[in-house]
Amino acid sequence: MSPVPIIDLAAPSDQAIAALDHACRQHGFFLIRGHGADDLIERTWQQAARFFDAGPGVSEPLRRTEDNPLGYFDRELTKRKRDHKQVFDFTDPTTPARDVYNRWPTNLPGFRDAMVDFHIEFTALADRTLALLHGVLALGEESQAKMTFDSINSPVRLNHYPVGDPVPEDQRDGLIELGETALGYHTDPGTITLLLQDDTGGLQTQDRDGEWIDVPPEPGTIVVNLADAVQVQTNDRWRAAVHRVVPMTTDRRFSIPYFANPSRHARIEPLPELTAEPRYTSFDWTEFMAARTADNFADLGTEDAQITDYLLNAPS
């Protein structure tokens, strides 16, 4: 049995469902195929490469700020170390009240249209994937309504991992040092993440025994990883995926995650039908998210917030 199983979303077998449950318990990663989005995915890859290859004339006017975290950035921190990547973030472009915060390039015709189509399609795929997970857990309607996401609160990120430092040499003075990995180990704070990765490789996940497992690129698949809310809601039956990306040495890498996040101010807590003895106290997801991302711009001297902070018997 592969440690990272592939599930046919159109017709999952009983054997595949058992493998999925095992993977969710061990490390929180699996792959899906049968999604029907191949043409859209190819168009999105082309636009992502087009954006990062366009250079500072396109990206610099979109550089994100502490007031608006959307747009372009090349010096984000994970675990108090600088990542080896450039990113472009946008949120739900189909909702005007959210799209007003997006920062689109004005000189890349077709780019925004492709990103709109991507967000719409991956919202639908996140719904289908969560329905699959609800079935594996045999959740009732009330629990399904809690283990969910809100597309209005679900951003997309274009990632570019170059070989070497993403920041030009003449701009590095005073920056935090690069991390030992291209992206430091972490979990995602939302419900689930749908991830496209190219064929370069480098994504790894950590199992319950602390061993690092490669999540190899598989043509035609989308990577799914469980995020913090699901670990809490399943009361640690399933595991939020601890993952990292190793540095690029010969070829650059692209990836594109869709972060399916809970709605603003959703209460995150163990689901009663899965839980005899809750391990976590209830918490507000937006407050948790704010604490998780407070150190993305600067090293604040402490580790970022984790779901372990909400354990009922957490150490003081």
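Residues numbered from 1 in each chain as written. Predicted model: local features only at pLDDT ≥ 70, side-chain atom pairs only at ≥ 80, totals over all residues. Heavy atoms only, no water.

Here we look at the overall build of the chain
In plain terms, the rule: The helix count covers DSSP runs of H or I at least four residues long, the strand count covers runs of E at least two residues long, and both are numbered beginning at the N terminus. In this scheme, a residue with accessible area under 20% of its type's maximum is buried, one over 50% is exposed, and one in between is partly exposed, where area comes from a 1.4 Å probe on protein chains only. The criterion used for residue contact is that any of the two residues' heavy atoms lie within 4.5 Å. To be clear on the numbers: accessible area is Shrake-Rupley with a 1.4 Å probe, and residue cover counts the displayed protein chains and nothing else. Lys and Arg are tallied as positive, Asp and Glu as negative. Neither His nor the chain termini are counted. For the purpose of locating charges, the reference atoms are NZ of Lys, CZ of Arg, CG of Asp and CD of Glu.
Helix and strand counts for the chain come out as eight helices and 16 strands. Every one of the 316 residues in the chain was classed for burial, and the buried ones make up 55%. Relative to all contacts within the chain whose residues are 6 or more apart in sequence, the contacts with residues 24 or more apart total 76%. Surface accessibility of the chain: about 14,200 Å² in total, with carbon and sulfur atoms responsible for 48%. Treating the 29 positive side-chain charges of the chain as one cloud and the 50 negative ones as another, the clouds have centres 2 Å apart.

What about the packing of aromatic side chains?
To keep it simple, the criterion reads: Stacked, edge-to-face and tilted are the three classes for Phe, Tyr and Trp ring pairs, Trp counted by its six-membered ring, which pair at centre distances within 6.5 Å; planes under 30 degrees apart are stacked, over 60 edge-to-face, the rest tilted. We call a charge positioned over a ring when the NZ of a Lys or the CZ of an Arg lies within 6 Å of the ring centre and within 35 degrees of the ring normal.
In the structure shown here, the tally under the stated rule is 15 aromatic pairs. Ring centres of Phe 51 and Phe 88 lie 4.9 Å apart, and the angle between their planes is 50°; on these two criteria the pair is classed as tilted. One end of the pair, Phe 51, is in helix α2 (residues 38-53); the other, Phe 88, is in strand β6 (residues 86-90), with 37 residues separating them in the sequence. The exposure classification of Phe 51 matches that of Phe 88, with both residues buried. Measuring from centroid to centroid gives 4.1 Å for Phe 118 and Phe 122, while their planes differ by 20°, and the two rings are stacked. Of this pair, Phe 118 and Phe 122 are both found in helix α5 (residues 111-137), four residues apart, which corresponds to roughly one turn of the helix. The pair Phe 118 / Phe 122 is uniform in exposure class, with both members buried. Members of the aromatic cluster, each reached through a chain of ring pairs, are Phe 51, Phe 52, Tyr 72, Phe 88, Phe 90, Trp 104, Phe 111 and Phe 254. One residue, Arg 244, lies across the ring of Trp 212, its end atom 3.9 Å from the ring centre.

A word on the sheet that holds strand β1 (residues 6-8)
Rules: Strands qualify as paired when DSSP identifies two bridges or more between them. To obtain an axis, a line is fitted to C-alpha atoms, over the contacting stretch when the element is a helix, and the angle between two such axes runs from 0 to 180 degrees between their N-to-C directions.
Strand order across the open sheet formed by eight strands is β1-β2-β12-β9-β14-β7-β6-β3, with mixed pairing between neighbours. Only two strands of the sheet have a single neighbouring strand rather than two, namely β1 and β3 (71-73). Sheet twist, expressed as the average angle between the axes of neighbouring strands with direction ignored, equals 25°. With three bridges connecting them, β3 and β6 associate as antiparallel partners. Looking at β6, one finds that Tyr 72 is bridged to Phe 88.

Here's the deal with the pairing of strand β14 (residues 253-260)
Most of β14 is tucked away: eight of the eight residues are buried. Of the pairings in the sheet, the one linking strand β7 (residues 156-161) to β14 comprises four bridges and is antiparallel in character. Pairing of Tyr 161 across the sheet is with Arg 253, part of β14. As defined by bridge partners, strand β9 (residues 192-197) adjoins β14 across six bridges and the pair is classed as antiparallel. From the neighbouring strand, Leu 194 faces β14, where its bridge partner is Tyr 258.

A look at the sheet that holds strand β13 (residues 242-245)
Here we have four strands laid out as an open sheet, ordered β8-β13-β10-β11, and antiparallel in their pairing. Each having just a single partner strand, β8 (183-186) and β11 (212-214) make up the two edges of the open sheet. Neighbouring strand axes in the sheet, compared pairwise and without regard to direction, differ in orientation by 25° on average.

Focus: the packing of α2 against α5
Quick reminder of the rule: Small angles under 35 degrees read as roughly parallel and large ones over 145 as roughly antiparallel, with 65 to 115 read as roughly perpendicular and the rest as oblique. We call a crossing left-handed when the near helix sits turned anticlockwise from the far one by less than a right angle, and right-handed when that turn is clockwise. Throughout, the ten residues Ala, Val, Leu, Ile, Met, Phe, Trp, Tyr, Cys and Pro are labelled nonpolar, Asp, Glu, Lys and Arg are labelled charged, and all others, Gly among them, are labelled polar.
The interhelical angle for the contact between α2 and α5, taken along N-to-C directions, is 135°, at an axis separation of 10 Å. By the criterion of interaxial angle, the relationship of α2 to α5 is oblique. Judged by the sense of rotation from one axis to the other, the crossing of α2 with α5 is left-handed. On α5, the residues that touch Leu 40, Ile 41, Arg 43, Thr 44, Gln 47, Arg 50 and Phe 51 of α2 are Phe 111, Asp 113, Ala 114, Met 115, Asp 117, Phe 118, Glu 121 and Phe 122. Here the contact of α2 with α5 is composed, by residue class, of eight nonpolar, two polar and five charged.

What to know about helix α8 (residues 285-293)
For clarity, the threshold we go by: Regarding the arc, it is the one traced by the directions from the helix axis to the C-beta atoms. Distance and chemistry together define a polar contact, namely a pair of N or O atoms within 3.5 Å, with one atom able to donate a hydrogen and the other to accept it when in protein, and with adjacent residues in sequence counting only for side-chain atoms on both sides.
Among the residues making up α8, those that are buried are Trp 285, Thr 286, Phe 288 and Arg 292. The arc enclosing the buried residues of α8, seen along the axis, measures out at 155°, which places them on a common side. Among the residues of α8, the N-terminal cap falls to Asp 284, whose side-chain oxygen and the backbone nitrogen of Thr 286 are separated by 3.0 Å.

Focus: the packing of helix α1 (residues 14-26) against α5
Between α1 and α5, the shortest axis-to-axis distance is 11 Å and the interhelical angle comes to 90°. Accordingly, the angle class assigned to the pair α1 and α5 is roughly perpendicular. Counted together, Ile 17, Leu 20 and Asp 21 of α1 and Leu 132, Leu 133 and Val 136 of α5 form the full contact between these two elements. Of the residues contributing to the contact of α1 with α5, the split by class is five nonpolar, no polar and one charged.

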